[in-house]
Amino acid sequence: MKKLTLSERLGLVNYRNQGRSEAKPHILVETDICNSVCPHKCTTYVCPANCYTLDELGQVHFQFEDCIECGTCLYACDQGAVTWNYPNPESGRGVTWNLG
Amino acid sequence: MEDKFDCIIVGGGIAGLSTAMTLARGGAKFLLIERGEFCGSKNVSGGVLWGSDLARLVPNYWEEEEGGWERFVSHRRLTFMDEQSAFSLDFKSGHFAEPPYSGVTVLRARFDNWLAGKVEEAIAESAHPDESFLAQNILVEEVLMEDGRVVGIRAGEEKFFADSVILAEGINNLLTRQVGLQSDYVPADYVAVGVKEVIQFDRSVLEDRFQLSGLGGLSNEFVGFASGGVEGGGFLYTNRESVSIGLVLGMKDLREKKHTPYDLLNAFKAHPAVADTLRGGEVLEYSAHVVSTGDIRGMPRELYGDGVLLAGEAANLLLNAGKAIQGMDYAMRSGLLAAETVLAAKQKGDFSAATLKRYRDALEESFVLQDMRNFQGAVHLLHSPQMFGAVPNLVCDFGRQFFTVDSEPSKKSSQMFRESVKRHSSYWDLIKLGFKASRSL
């Protein structure tokens, strides 16, 4: 069977408050830490939803909109850059699994 | 305080719902709060619910035609993989095809939602049908404490009070950390990340392809190439009209080896032995979730405190000792035992840590902590590099030699084995491994 790209995979995910223009982020990342002292920048490859990306200068950027609340970055980041919360049902993003 | 509950349960997964069911039947007043739109909507598992406790919660659940479970496991398979080959231990038995089943496959958004419906029914039939609630779409932000004891919870501006709070919030146990039962930072050493796809088939195609009769199903675990050199393994479970296929990858090893979960999943799905089983399927959902490795060192420092109990994966209750990945059955049993402890505390009128310790004792006596303690050696063994590298490679290499018929004089199998050992390991390493295995498994 055909291999799916990550964006095709995430296209199958049912996100909450998708219609809202401004959702409240549930994860805060101090990318200053990622871009100064972190030796591995591992969130850019271990995150199953690729919420952490590297730009052409090798700087880490984070977006929470695709987050599927798995928790990976909460453990993988050992530099203290990630403040992780659950999304607010009213004002946040996050997932509603159809199957789980 | 008039509207004080006997118990507030945070989390409507399997642990929380099992607690709720038991409390409803025991005549307690409780409030269960689930942050998802419905119970199960935030939950991901492989997943097989092993064991027989489901029948305690929902007697004769197998008689219900549209029950929330998928298939009972009647066919088990453990597959060793290298890049091209797959060598399996395969066990199918008519003994597994009779209820009570010892394992059912589930999709959590369906299963938990169904179980929540059963809890609603139990509340309606209980001693307090108007005083116990199952509240969904509400996020608990804080556990309320007074003089070192837990007295309730806060959700937004609203506060709710109870004699006891059961945290059944799952592996990402923020509230457990808040009350000080677990450190704020849990290192990557004690967790893995699971990634999974649910792939749909025409039901008759699925049943023919996997030789399923009735609601019988297959549970297949994979070690070796499946996880792309990263500590962990793969799984494939059949549902009614789909398969759940995925990987569980050690977080620390994934970080060190610089791999990406969905790329590894693609490679696993493309393996010749796997690709053949997935042909023509349509991916319905991609999901991921952190999962405990079952390492006891990752557990919270205690499972109870004054007015508070931890159940399910919030307490890191999980085990993979090579036979099965057990987590949901641990959640179910711990939820049952937590509820029984609360009922006993209610009768005594004492919810102090000294009384709630009974929960810990009950867990220690049950299969949950007995097995977790007895099989820690197996957990470490399965996480050793040989188990997802040299061993599956050796097994497949031997298989390839043994099953090759090539119009040349054949070697004896003992010689084939010696050659495989030489290529992928050494006798000395195998003896050490065999010794560890015989002690730990």
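Quick note: structure is the one above.
What counts and how
- Residues numbered from 1 in each chain as written.
- Chains lettered and ligands numbered in written order.
- Predicted model: local features only at pLDDT ≥ 70, side-chain atom pairs only at ≥ 80, totals over all residues.
- Heavy atoms only, no water.
- Core = buried A, V, L, I, M, F, W, Y, C linked by side-chain atoms within 4.5 Å.
- Buried < 20%, exposed > 50% of the residue type's maximum accessible area, 1.4 Å probe, protein only.
- Helix = DSSP H or I, 4+ residues; strand = E, 2+ residues; numbered from the N terminus.
- Contact = heavy atoms within 4.5 Å.
- Pairing = 2+ DSSP bridges.
- Right-handed = clockwise from strand over helix to strand, strands pointing away.
- Polar contact = N/O pair within 3.5 Å; in protein donor to acceptor, adjacent residues only side chain to side chain.

A. Broad picture of the nonpolar core. Residue and element names in this part refer to chain B. Residues I8, L23, L54, V104, F111, L167 and L317 are the most contacted members of the largest nonpolar core, which totals 81 residues. With 11 residues, the single largest contributor to this core is helix α9 (residues 328–348). Sequence-distant contacts of V104, that is, excluding residues within four places in its chain, are made with G47, V48, L49, L54, Y61, W69, R71, F72 and V73.

B. Quick peek at the pairing of strand β14 (residues 242–250) of chain B. All names here are of chain B. The buried count for β14 comes to 8 of 9 residues, which makes it a mostly enclosed element. Two strands pair when backbone bridges link them, and strand β11 (residues 191–200) and β14 are joined in this way by 9 bridges, in the antiparallel orientation. Considered in β14, the bridge of V193 is made with L249. Where strand β13 (residues 232–238) and β14 come together, 7 bridges link them in antiparallel fashion. Note on β14: the bridge partner recorded for Y237 is S244. Between β13 and the antiparallel strand that follows it, β14, lie 3 residues.

C. Structural view of the environment of I33 of chain B. Residue and element names in this part refer to chain B. Note on placement: I33 falls in strand β2 (residues 30–34). Through-space distance from the C-alpha of I33 to that of E125 is 20 Å; in sequence the pair is 92 residues apart. The contacts of I33, once residues within four sequence positions are left out, are I8, I9, V10, G11, G12, A135, I138, V140 and I153.

D. Looking closely at the pairing of β2 of chain B. Residue and element names in this part refer to chain B. The buried fraction of β2 amounts to 5 of the 5 residues, a majority that puts the element mostly inside the structure. Burial along β2 is two-sided: the face carrying F30, L32 and E34 and the face carrying L31 and I33 are both buried. Taken together, strand β1 (residues 5–10), helix α1 (residues 14–25) and β2 constitute a β-α-β crossover, and its handedness is right-handed. Here β2 runs beside strand β7 (residues 133–136); their pairing, made up of 4 bridges, is parallel. Paired with I33 across the bridge in β7 is A135.

E. Representation of the side chain of T96 of chain A within the structure. Here T96 of chain A lies in the segment after β4 (82–84). Classification of T96 of chain A as buried rests on a relative accessible area of 4%. Here E37 of chain B takes part through its side chain, which lies 2.8 Å from a polar atom of the side chain of T96 of chain A. Here T96 of chain A is in contact with N14 and R16 of chain A together with E37, F38 and S41 of chain B, once residues within four sequence places are set aside.

Interpretation note: all reported values are geometric properties and have no functional meaning in isolation.
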